[in-house]
Structures are given as C-alpha cells and as structure tokens.
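Chain residues, written in single-letter form:
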Amino acid sequence: MDRVADEALIVLEKVNKWFGPLHVLQDVNLSVARGEVVVVIGPSGSGKSTLCRAINRLEPIDSGTITFDGQPLPAEGRALARLRSEVGMVFQSFNLFAHKTILQNVMLGPVKVRKEKPAAVRDRAMGLLERVGIASQADKYPAQLSGGQQQRVAIARALAMQPKALLFDEPTSALDPEMVGEVLDVMTSLAAEGMTMVVVTHEMGFARHAANRVVFMADGQLVEEAAPAEFFANPKTERARDFLSKILTH
Amino acid sequence: MTEFLRVLTDNWSLFADGFSNTVQLFLYSAVGSLVLGTLLGAFRVSPIPALRWFGATYVNIVRNTPLTLVFAFLVFAVPKLDVNIDYFPSACIALTVYTAAFVCEVVRSGVNTVAPGQAEAARAIGMTFDQVLGQVILPQAVRAMVPPLMSVMIAMLKNTTIAAGFSVLEAGAIPAYMSERGEPQFIVLIWITIGFLILITPLVLLQRSLERKWAVSR
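Residues numbered from 1 in each chain as written. Chains lettered and ligands numbered in written order. Predicted model: local features only at pLDDT ≥ 70, side-chain atom pairs only at ≥ 80, totals over all residues. Heavy atoms only, no water.

Some words on the sheet that holds strand β10 (residues 221-226) of chain A
All names here are of chain A. Note the following rule: DSSP calls a pair of strands paired once it identifies at least 2 bridges connecting them. Labels follow the DSSP assignment, with helices taken as runs of H or I lasting at least four residues and strands as runs of E lasting at least two, numbered in each case from the N terminus. To get an axis, fit a line to the C-alpha atoms, keeping to the stretch in contact for a helix; angles then go from 0 to 180 degrees between the N-to-C directions.
An order of β6-β7-β8-β3-β9-β10 is seen for the six strands of this open sheet, with the pairing classed as mixed. Only two strands of the sheet have a single partner each, and these edge strands are β6 (87-90) and β10. Pairs of neighbouring strands in the sheet enclose a mean axial angle of 20°, with direction left out of account.

Brief notes about the confidence of the model for chain B
Convention followed: A residue's pLDDT is the predictor's confidence in that residue, given on a scale from 0 to 100.
The share of residues in chain B with pLDDT of 70 or more is 98%, and the mean pLDDT across the chain is 91. For this predicted complex, the interface score ipTM comes out at 0.89, alongside a pTM of 0.83.

Brief notes about the pattern of salt bridges
Note the following rule: Take a side-chain nitrogen of Lys or Arg and a carboxyl oxygen of Asp or Glu: if they are within 4 Å of each other, that pair is a salt bridge. Each residue is assigned to one of three classes by its accessible area relative to the maximum for its type, calculated with a 1.4 Å probe on protein chains only: buried under 20%, partly exposed between the two thresholds, exposed over 50%.
Counting across every chain of the model gives 22 salt bridges over all chains. Ionic pairing is found between A:R34 and A:D69, a salt bridge with its closest N-O pair at 2.8 Å. With A:R34 in the loop between β2 (22-33) and β3 (37-41) and A:D69 in the loop between β4 (63-68) and β5 (71-72), this residue pair connects regions lying 35 residues apart in the sequence. The exposure class assigned to A:R34 is partly exposed, which follows from its relative accessible area of 47%. Ionic pairing is found between A:R53 and B:E120, a salt bridge with its closest N-O pair at 2.5 Å.

Quick look at the packing of aromatic side chains
Rules: Pairing of aromatic side chains requires ring centres within 6.5 Å, counting the rings of Phe and Tyr and the six-membered ring of Trp. Pairs whose planes differ by under 30 degrees are stacked, by over 60 edge-to-face, and all others tilted. The rule is short: NZ of Lys or CZ of Arg within 6 Å of the ring centre and within 35 degrees of the ring normal puts a charge over the ring.
Per the counting criterion, the structure on display carries ten aromatic pairs over all chains. Between A:F231 and A:F232 the ring centres are 5.4 Å apart and the planes differ by 80°, which places this aromatic pair in the edge-to-face class. The exposure class of A:F232 is buried, given its relative accessible area of 9%. Judged by centre distance (5.2 Å) and plane angle (55°), the rings of B:Y98 and B:F102 are tilted. With B:Y98 and B:F102 both in helix α5 (residues 87-112) and four residues apart, this pair spans about one turn of that helix. Here A:R208 stacks its cationic end above the ring of A:F232, 4.5 Å away from the centre of that ring.

Description of the pairing of strand β1 (residues 8-19) of chain A
Residues and elements named next belong to chain A. The pairing of β1 with β2 spans eight bridges and is classified as antiparallel. By the bridge assignment for β2, K17 is matched with L25. Counting the residues between successive antiparallel strands, the hairpin from β1 to β2 contains two residues, one of them, G20, with a positive phi of roughly 60°. Here β1 runs beside β4; their pairing, made up of five bridges, is antiparallel. Bridging from a neighbouring strand, E13 pairs with T65 of β4.

Observations concerning the sheet that holds β4(A)
Ordered in space as β2-β1-β4-β5 (chain A), the four strands form an open sheet in which the pairing is antiparallel. One side of each edge strand has no neighbouring strand; the edge strands of this open sheet are β2 and β5 of chain A.

Focus: the UniProt feature "domain: ABC transporter" (unreviewed entry) in chain A
Note the cut-off: UniProt positions are given in the numbering used here, feature names are shortened, and annotations may be inferred rather than shown by experiment.
If you check UniProt for "domain: ABC transporter" (unreviewed entry), the listed places come out as residues 10-244 of chain A in our numbering. For residues 10-244 of chain A, helix accounts for 39% and strand for 26%, while the C-alpha atoms at its two ends are 27 Å apart.

Topic: the UniProt feature "domain: ABC transmembrane type-1" (unreviewed entry) in chain B
Following the UniProt record, one finds the feature "domain: ABC transmembrane type-1" (unreviewed entry) at residues 19-207 of chain B. Across residues 19-207 of chain B one finds 78% helix and 0% strand; the C-alpha atoms that close the span lie 22 Å apart.

What to know about the side chain of A:Q137
Residues and elements named next belong to chain A. Convention followed: Residue contacts are counted whenever heavy atoms from the two residues lie within 4.5 Å of one another.
Its location among the elements puts Q137 in the loop between α5 (118-131) and α6 (147-159). Judged by relative accessible area, which is 15%, Q137 ranks as buried. Residues in contact with Q137, not counting those within four places in the same chain, are I102, L145 and Q149.

Topic: the interface of chain B and chain A
Inclusion rule: By buried area we mean how much accessible surface two parts lose on assembly, using a 1.4 Å probe and totalling the loss over both. Side-chain atoms alone can form a polar contact between residues adjacent in sequence; in general such a contact is a pair of N or O atoms within 3.5 Å, and within protein one must be able to donate a hydrogen while the other accepts it. Under the convention adopted here, Pro, Cys and the residues Ala, Val, Leu, Ile, Met, Phe, Trp and Tyr are nonpolar, Asp, Glu, Lys and Arg are charged, and Gly plus all remaining residues are polar.
Between chain B and chain A, the residue contacts involve 18 residues of the former and 24 residues of the latter. A combined buried area of about 1900 Å² lies between chain B and chain A, and 58% of that area is made up of carbon and sulfur atoms. Between chain B and chain A we count seven residue pairs in polar contact (both at pLDDT 80 or more) in total. For the side of chain B that touches chain A, the secondary-structure elements that each account for two or more residues are α6 (116-124) and α7 (129-159) of chain B. The dominant element in the side of chain B that touches chain A, judged by the number of residues it contributes, is α6(B), at seven residues. Taken together, the residues of the side of chain B that touches chain A break down into seven nonpolar, eight polar and three charged.

Observations regarding unusual backbone geometry
All names here are of chain A. Non-glycine residue D69 carries a positive phi angle of around 50°. The class of D69 is partly exposed, set by a relative accessible area of 26%. A positive phi angle, close to 55°, is found at N95, a residue other than glycine. Positionally, N95 belongs in the loop between β6 and α4 (102-113).

Okay, structure coming up:
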C-alpha cells in the first residue's frame, strides 16, 4: 500500500463538491500512478467531467484533498498557475486560442508561462505538430481547421508544456464520427509511451485497448474500478452492468 | 455669407485657443480614462472578490453622478481639503474619473463576448490572471469593444464643454466671450458645431478602420 502511495502522481481523498444542492462528487477517492492511463466512464451527469476538472482546479472542491506529485493543490495565484503548467488539459470543445495561429497556440504556453526562448520553442512546437500530423497547417487559424485537426493541435499545445500528466475531458465527444479515430490514435500512442493520463470518454474501444484501469462513476460516486478486460467482461455492480448493457448493445 | 466668414476670421485666435484646449482636454482624458477604465474592467472580472466589489462600487457611484457634480466636487470641494489643483488639470481629472466608469463597462461587456473556454484553456496551461487577460481575453474582446468605446469617446469629447462652467477656456466657453464682443450668437454656435464635427471625424474614421482590420483576421 505504501509503495503504491509513493508512486502515485495524482491522489484524490474524500473529495466532495456541490453545485448548489446537487452533490456532484461524493467522497471520491482515486489514485493515479505515474505512467498509468485511467479511463473514467459513466452516464451523463455522473460527475466524471467535474472530477477531471477538479484535478487542475478548474473546478474548486468543497472538501477533501487532491495532491499532485506529492504537493496539495494550491488554492490560487502563482503556485496554482505553476501546478497547472505541469498538468496538460484537453477539452471537449478544443478551446484553441481563436486569435492565434496554430503554431502560436502551441508556442504561447512555453514562451509566456515558462519564459523559454521563442526560437527553441518553435522547433519543439513544429516537432509536436509534425507528430500529430498538422505541421502543414501551422500558419492557419483554428477556425480554418476541422474539429479533429483542432483537437490534435490542442493535444500538441498541452504537450508543448512537457506536462507530467494529461487530462482529457471528453476529447472526442464534439467530433464528427470520421474524425474520432485520428484523435484516438494520437492518444493511444501517448499512452503507449508512458504518459500519465486521466481520460473521461465514451469511447469504449479506447478504454479497452489503451487503459490500464477503468473507473466507473454514477451519481457523483466512484462505483467501481478494475482493469478494462475484467470490467467489460465481468462488471461487479448492478449500476455498471446496466450502463454497459445500454451502450454495448448498439 | 461674408458676415458668416467674418465672425470666424475676426475672432480666429479665440476659436483657435478654445478648440486647442478642447483637444488637449480630450487627449489627456482619453488616455487617462482608457487606462483607468481598463484597470477597473480588469477588477470587475478578477477572481478576487474585494477587487470585483471595488470595481462595481466605483461604477455604480461615478456613473450615476451627473458630470457637472463631479466637476463641482473637484473644482470647489477638493480645494477645501487644502489640495490646490489648477482648473485645467481639475477638468482632466473630472473627465477621466467620470468616463472611466463607462470605459470599465465597455471592457467588461467585451470580455463577456469571449467564450469562457478561452480563459479556461489559458488557465490550464498555467497562465496567471494578468496573462489570461492580456494574452488571450482582451485581444479577442477588443473587436467587440471598438464601437461602444468610440461612442464613449465621442460623448467625452462633447462633455469637455462642461469645463467652460468651471473656468476653463475651451470651445464651450466661446459663446460667452463672443456675446460680450457683440457677435451674432447664431453664427457663433454654427461655427462651434462645425468645429466639433471636424474633431469627431477622425474618431469615426478610426473606428471604421479598426473594425475593418479586425474583421479580416478572425
């Protein structure tokens, strides 16, 4: 047990969060080890996005503790900004900076937050765009790209900060079906390289082949967690069986 | 027609002095109110409740006070505190303080036109509040701010005429001098109107060119 705690990069303990009267996170405990890929699934409104966003404090929590790399999350200000620079985040709606080119989007964080030299950052950024297959679009603006391309840029933007972990909040939910694959391919290759990832998704295929662990949430509670093969073959709770029967029969 | 032109040429130095002071009042107060108003706007969207409260209180008090009263406060009340400021700087301060409240609201509404995801993405890569605002939000908010900001600036240019009531010789003070000289008021007022139209034209052209410039790069 202690050994696990030592290796844990992200630890949530007894985390609670209310939206008004709605108890969206109820005593959630979760530990993510370095290099682990955790996929969070569950029905809409189960609190999985809130959980993901709480890890870099885009959603402040009401009680409990969240530690990242041994440090409790700072409340506000520069310390929090520094922590966020070490945790990459990929959003459902991409959120690329609309007034900046693709290359500028990727370079902005390292240059402004880390104060790195633009020339060096440019090379790294172009390398990342190459990797996600968008290098030829570097001088375009986000609105000129397809959703799948924008999301791949968003991943490159997160990687440019050389983060210790990446959070994905339903990264493929806003995409046309034929663009889902290109984004999942990038995510799968990151997982294979040992990036620590927390992925909120409805892509069961990705959960099956890329996750080390599947976490099932319902009604603000972390109901079940298991290795993907075991979870999909043999869910322990009624709630999980019900959820899987609804999504896997189609 | 000769009479019309004569009124201007005979009193040219008075017109020139008046409008030159109007332009100076406008330029100082424009810079002052844009800086102060942007700062107040930043307060209003900041994560710190005390700053938000200060911004909101400032706007509620200053925006709801008649400009004449703001002038009277600076010209008549402040000297009673043994702070002596000349009439011209007093007028600049009054216009700056008053107009900043309107600029603040333009900035705030401009910020609200930017999708919230933009700020979240900026925070997520580790930007501080200043960086989020300066690098991501304001550059995108500016295009929505240009038309209302120009209206505020045009209103301020016309508001400079209130300074005439507080011993500043600007364009609004010209009619009083001219009536002492026995010049026909009707013609005098038409010349002043023409003067303001000439001053406002560059603002309108600036607005058009800024709108055109930012419309393309979207």
